[in-house]
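# Observations on the model geometry
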Amino acid sequence: MRNNDLPIMVLENVSKTYSEGVDALNNVSLSIEKGEFVFVVGPSGSGKSTLIKLMLKELEPTSGKLCIAGQQLSKLKRRQVSKYRRNIGVVFQNFELLGDRNVYENVALAQRVIGVPKRKMKKNISSMLSLVGIADKAMAFPDELSGGERQRVALARALVNRPSILLADEPTGNLDPKNAWSIMGLLDEVNKLGTTVIVVTHNPEVVDTMQKRVIAIKDGVVVLDELKGGYIYERR
């Protein structure tokens, strides 16, 4: 098997127990292929946030193995973590934009971290703002934007370095239905361009309508892994 054929993310018997004795994840095994679109669902406290932090190597598992984007995370040295994280673009529910920077500067931060030359940076940012539909907002500040526009900026920032994985944590949580569907449409387009998209959500309508793979977690255990969505665990 060629490396290109390997799953982009593999968890093998991953468990995470916090110091208080709380089992956040219990013996989770799953595999996500390159180019998949996956929803991760489950009630509050199910282990979704812990799973995200393990993917970003913000936490270490108590046991088990994670291999993401060709890297076994337990073998990464501290100085290698920032480079590893370049493979993962992250979009948050509350946007995480800097209020004293305009749209262009918010997106540029991701490029500056990896030392992209100014001329290439300008081209990359322009292309990305066009992709997410806010090319005309480059000089606007976050407080001048709607919630949907802010999430588009966050998406542009997450994608400008061309990560192989996009992790969206409740990306529609603060949006009205119209903007929520607009953002989900963008995520679908990004996925069609080849990026692996993982969306953590509590929105059953989105999951039902989009008909993607659904991984449901409850009490730290995977209780459903369905290739074509239309199901959310809380409905049981």
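Residues numbered from 1 in each chain as written. Predicted model: local features only at pLDDT ≥ 70, side-chain atom pairs only at ≥ 80, totals over all residues. Heavy atoms only, no water.

Across its full length, the protein chain holds seven helices and 10 strands. Scaling as 2.2 N^0.38, a compact globule of 236 residues should have a C-alpha radius of gyration of about 18 Å, and the protein chain matches this with 18 Å. Taking the principal axes of the C-alpha coordinates as reference, the protein chain spans close to 45 × 40 × 40 Å. Counting only residues that meet the buried cut, the protein chain has 47% of its 236 residues in that class. Within the protein chain, counting contacts between residues at least 6 apart in sequence, those at least 24 apart form 67% of the total. Within the structure as shown, the protein chain displays about 12000 Å² of accessible surface, and the carbon and sulfur contribution to it stands at 48%. (Helix = DSSP H or I, 4+ residues; strand = E, 2+ residues; numbered from the N terminus. Rg over C-alpha atoms; globule rule 2.2 N^0.38 Å. Buried < 20%, exposed > 50% of the residue type's maximum accessible area, 1.4 Å probe, protein only. Contact = heavy atoms within 4.5 Å. Areas by Shrake-Rupley, 256 points an atom, 1.4 Å probe, with all protein chains shown as cover.)

On to the pairing of strand E2 (residues 23-32). Sheet topology places strand E1 (residues 9-17) next to E2; six bridges connect them, and they run antiparallel. Bridging across to E2, Val-10 finds its partner in Ser-31. With antiparallel pairing between neighbouring strands as the criterion, E1 and E2 make up a hairpin whose turn holds five residues, including Gly-21 at a positive phi of roughly 90 degrees. (Pairing = 2+ DSSP bridges.)

Interhelical geometry of helix H3 (residues 103-113) versus helix H4 (residues 118-131) gives an angle of 125 degrees and a closest axis separation of 10 Å. The orientation of H3 with respect to H4, classified from their angle, is oblique. Crossing of H3 over H4 shows right-handed handedness. Residue-level inspection shows Val-103, Tyr-104, Val-107, Ala-108, Gln-111 and Arg-112 of H3 in contact with H4, the latter providing Lys-120, Met-121, Lys-122, Asn-124, Ile-125 and Leu-129. (Axes fitted to C-alpha atoms, helices over the stretch in contact; angles between N-to-C directions. Parallel < 35°, antiparallel > 145°, perpendicular 65-115°, else oblique. Left-handed = near helix turned anticlockwise from the far one by under 90°.)

Attention now moves to the sheet that holds strand E7 (residues 165-169). Overall, mixed pairing links the six strands, which are arranged E6-E7-E8-E3-E9-E10 in an open sheet. Two strands lie at the open edges of the sheet, namely strand E6 (88-92) and strand E10 (221-226), each paired on one side alone. Direction aside, neighbouring strands of the sheet carry axes that sit 15 degrees apart on average. Here E6 runs beside E7; their pairing, made up of five bridges, is parallel. Across the sheet, the residue bridging to Val-91 is Ala-168, located in E7. On the sheet, helix H6 (residues 177-192) packs against strand E3 (37-41), E7 and strand E8 (196-200) and is oriented at approximately 150 degrees with respect to E8.

Let's shift gears to the nonpolar core. Of all hydrophobic cores here, the largest spans 45 residues; its most connected members are Phe-39, Leu-166 and Leu-187. Residues contacting Leu-166, with those up to four places away along its chain left out, are Gly-89, Val-90, Val-91, Leu-155, Ala-158, Leu-159, Leu-187, Val-190, Thr-195, Thr-196, Val-197 and Ile-198. Counting residues in each nonpolar core, the second largest holds 29 residues, with Leu-25, Val-28, Leu-54 and Leu-56 among its members. (Core = buried A, V, L, I, M, F, W, Y, C linked by side-chain atoms within 4.5 Å.)

With that settled, consider the sheet that holds strand E4 (residues 63-68). Strand order across the open sheet formed by four strands is E2-E1-E4-E5, with antiparallel pairing between neighbours. Looking at which strands have only one partner, the edges of the open sheet turn out to be E2 and strand E5 (71-72). The pairing of E4 with E5 spans two bridges and is classified as antiparallel. Its bridge partner being in E5, Cys-67 is matched across the sheet by Gln-72.

Our focus in this paragraph is the packing of aromatic side chains. Evaluated as defined, the whole model comprises one aromatic pair. Over the ring of Phe-37 we find Lys-212, and its NZ or CZ is 5.3 Å from the ring centre. (Phe/Tyr/Trp six-rings, centres within 6.5 Å; stacked < 30°, edge-to-face > 60°. Lys NZ or Arg CZ within 6 Å of the ring centre and 35° of its normal.)

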